There are 2 protein chains.
Amino acid sequence: MAEPIEFWFSVASTYTYLSVLRIADVARREGVTFIWRPFGVRAIMKEQNNIPFLGKPVKTAYMWRDIERRAARLGLRARVPAPYPLTAYDTAHHVVMVGFAEGWGEDYVRDTYRLWFGEGLEPGTEPSLSTALRAVGQDVTRVLAKAAEPAAAEALAAATDAAKARGVFGSPSFVTRGELFWGDDRMQDAIEWSRRGTLAV
Amino acid sequence: MAEPIEFWFSVASTYTYLSVLRIADVARREGVTFIWRPFGVRAIMKEQNNIPFLGKPVKTAYMWRDIERRAARLGLRARVPAPYPLTAYDTAHHVVMVGFAEGWGEDYVRDTYRLWFGEGLEPGTEPSLSTALRAVGQDVTRVLAKAAEPAAAEALAAATDAAKARGVFGSPSFVTRGELFWGDDRMQDAIEWSRRGTLAV
């Protein structure tokens, strides 16, 4: 019997595109449950001095190409390089927290990633914000006002603390049966672990 | 028709254990050819300011656990944490260069990794050196003398330049049809690319 899998993600992460866009299909096909857990990856990475791409042009160029190739496998567009890193990090994350509090978070995050990698629109800025909010039937002015209230920042901080408590240090991460799996390329490992609590043959 | 795949690796790398120990089986099963290309990863990573683990205890702990879990899937032992980083980096790599020049490199590297992750014996130091050299039928004194000659260091530098020219920035890496794939977890992508020149469905 498969245990649920927490899907920890931050909309600041590039590789998370590959997870967000396929995770619903994977859940159906594999018969597993993912629990979406938004958090803020930047605070944790700063604290841990974990700087994967900034000032690393060779590795960064590889990252875009790797995402482009793997997106093609999934039948997804990937206009790379996409705008990165996010210039409106806080707004991007606070809107996500409102979305998950109100029940439209998953669809909003999917749309936000589609706009980011499909159309080159940066999360947390216009026109991404308005386009994605309207796509999920939300009033842009109302949501942005709510995202600017302290409760959204507090929810993000609490979520990030919860991520850290599980050992999460990057996005996406998967947690099941107390085990952490980091990276879109560990989704399948997490699914196996959720069923059997081991990868051993 | 599958193109050959260059397998770029450095015996300073932890994740390379998972590739080295399975690559011969994978080649047979998949009907592809891997060309072993030893190089020195540290010079490239230093130059690119790419420091994945040093001073990053959370990420480092995860790395060991990830290797342990994935080794279990392959039926491999993994006593983690294994000695790391290497204290005799140059010797470790120079002996490998001698081995590849003389034709016993692949077996030696496999034995070295088995000793490292199976027995906790650090590459490039005793008793790893003597044990692995004897296992491949080599005279320890002769090989160590040859590894100390300038030619071995020159071969390593030339190999590292060749790696860099292909965009290699980490170990293991796979290169086929001009495409670079980084990480043990990209071996299958490289195999697909060697056959079709794309991952797209």
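What you are looking at is a predicted structure, and each value in this text was computed from that prediction instead of being measured. (Residues numbered from 1 in each chain as written. Chains lettered and ligands numbered in written order. Predicted model: local features only at pLDDT ≥ 70, side-chain atom pairs only at ≥ 80, totals over all residues.)

**Digging into the overall build of chain A**
From N to C terminus, chain A includes 9 helices and 4 strands. Ordered by position from N to C terminus, the α and β elements of chain A give β-α-β-α-α-α-α-α-α-α-β-β-α. For a compact globule of 201 residues, the expected C-alpha radius of gyration is about 17 Å, and chain A comes in at 16 Å, within 12% of that figure. With the C-alpha coordinates of chain A rotated into their principal frame, the extents come out at 55 × 35 × 35 Å. A total of 201 residues make up chain A; the buried ones form 44% of that total. By sequence separation, contacts in chain A at least 24 residues apart represent 69% of the contacts at least 6 residues apart. (Helix = DSSP H or I, 4+ residues; strand = E, 2+ residues; numbered from the N terminus. Rg over C-alpha atoms; globule rule 2.2 N^0.38 Å. Buried ≥ 20, exposed ≤ 12 C-beta atoms within 10 Å, placed from the backbone. Contact = placed C-beta atoms within 7 Å.)

**A few points about the interface of chain B and chain A**
Quoted interface sizes are often the accessible area lost when the parts come together. Contact residues are listed per partner, giving 23 residues for chain B and 23 residues for chain A. Of all the secondary-structure elements, those providing two or more residues to the side of chain B that touches chain A are helix H3 (57–73) and strand S4 (179–182) of chain B.

**Here's the deal with the sheet that holds strand S1 (residues 5–9) of chain A**
Residue and element names in this part refer to chain A. Strand order in the open sheet formed by 4 strands is S2-S1-S3-S4, with mixed pairing between adjacent strands. What marks the edges here is a single partner per strand, and that holds for strand S2 (34–38) and strand S4 (179–182). Taken over all neighbouring pairs, the strand axes of this sheet differ in orientation by 25 degrees on average, direction set aside. The sheet strands contacting helix H9 (residues 187–196) are S1, strand S3 (173–176) and S4, and the helix crosses S3 at an angle near 5 degrees. (Pairing = 2+ DSSP bridges. Axes fitted to C-alpha atoms, helices over the stretch in contact; angles between N-to-C directions.)

**Some thoughts on unusual backbone geometry**
Following serine 171 of chain A, the chain continues into proline 172 of chain A via a peptide bond in cis, with omega recorded as 0 degrees. Tracing the sequence through the fold places proline 172 of chain A in the loop between helix H8 (150–165) and S3. A cis amide bond, omega 5 degrees, links glutamate 126 of chain B with the succeeding residue proline 127 of chain B. By the element assignment, proline 127 of chain B lies in the loop between helix H5 (105–119) and helix H6 (128–135). A positive phi angle is found at arginine 177 of chain A, which is not glycine, with a value near 50 degrees. Along the chain, arginine 177 of chain A turns up in the loop between S3 and S4. The phi dihedral of asparagine 49 of chain B is positive, around 55 degrees, even though this residue is not glycine. Here asparagine 49 of chain B is to be found in the loop between helix H2 (41–47) and H3.

**Some points on the packing of helix H4 (residues 89–102) of chain A against H8 of chain A**
Residue and element names in this part refer to chain A. Running from amino to carboxyl end, H4 crosses H8 at an angle of 90 degrees, the nearest separation of the two axes being 9 Å. Looking at the two axes, H4 sits roughly perpendicular to H8. Facing His93, His94, Met97, Val98 and Ala101 of H4, the residues of H8 in contact are Ala152, Ala153, Ala155 and Leu156. By residue class, the composition of the contact of H4 with H8 is 7 nonpolar, 2 polar and no charged. (Parallel < 35°, antiparallel > 145°, perpendicular 65-115°, else oblique. Nonpolar A, V, L, I, M, F, W, Y, C, P; charged D, E, K, R; others polar.)

**Some details on the sheet that holds strand S3 (residues 173–176) of chain B**
Whenever strands of a sheet pair, they do so through backbone hydrogen bonds, lying parallel or antiparallel. All names here are of chain B. What the 4 strands build is an open sheet, ordered S2-S1-S3-S4; its pairing is mixed. Both outer strands of the open sheet, strand S2 (34–38) and S4, are each paired with one neighbouring strand and no more. On average, each strand axis in the sheet is inclined to that of its neighbour by 25 degrees, with strand direction left out of account. For strand S1 (residues 5–9) and S3, the ladder comprises 3 bridges, and the chain directions are antiparallel. Each residue of the ladder has a partner; that of glutamate 6, found in S3, is valine 175. Across the face of the sheet, helix H9 (residues 187–196) comes into contact with S1, S3 and S4 while running at roughly 5 degrees to S3.

**Here's the deal with the pairing of S1 of chain A**
Residues and elements named next belong to chain A. For S1, the buried fraction is high: 5 of the 5 residues fall into the buried class. In S1, alternate side chains face the same way, and those of Ile5, Phe7 and Phe9 on one face and Glu6 and Trp8 on the other are all buried. Sheet topology places S1 next to S2; 5 bridges connect them, and they run parallel. By the bridge assignment for S2, isoleucine 5 is matched with phenylalanine 34. Tracing the backbone out of S1, into helix H1 (residues 16–30) and back to the parallel element S2 gives a crossover that is right-handed. (Right-handed = clockwise from strand over helix to strand, strands pointing away.)

**Observations regarding the relation of the copies chain B and chain A**
Overlay of chain B on chain A (RMSD 0.0 Å): rotation 180 degrees, translation along the axis 0.0 Å. Within this description, the copies of the chain are treated as partners about a two-fold rotation axis. A shared interface surface links the copies, since 100% of the contact residues of chain B are contact residues in chain A too. (Least-squares fit on C-alpha atoms with pLDDT ≥ 70 in both.)

**Details of H3 of chain B**
Its 17 residues place the ends of H3 of chain B 25 Å apart at the C-alpha level, agreeing with the 24 Å of an ideal helix rising 1.5 Å per residue. Next to the buried residues of H3 of chain B lie S4 of chain A together with helix H1 (16–30) of chain B. The first or second residue beyond H3 of chain B is glycine 75 of chain B, which carries a positive phi of 75 degrees. (Expected span 1.5 Å × (residues − 1).)

**Focus on the confidence of the model for chain A**
For chain A, mean pLDDT is 97; residues scoring 70 or higher make up 100% of the total. Scored as a complex, the prediction yields pTM 0.96 and ipTM 0.95. (pLDDT = per-residue confidence, 0-100.)

**Points about H8 of chain A**
Residues and elements named next belong to chain A. The end-to-end C-alpha separation of H8 is 22 Å, in line with the 22 Å expected for 16 residues at 1.5 Å each. When we look at burial in H8, the residues that qualify are Ala152, Leu156, Ala159, Thr160 and Ala163. Down the axis of H8, the buried set is contained in an arc of 100 degrees. They therefore lie on one face. Every exposed residue of H8 that faces more than 90 degrees away from the buried side is listed here: Pro150, Glu154, Ala158 and Ala165. Contact partners of the buried residues in H8: S1, S2, helix H2 (41–47), H4 and helix H7 (140–147). Positive phi shows up at glycine 167, right after H8, with a value of about 90 degrees. (Arc of directions from axis to C-beta.)

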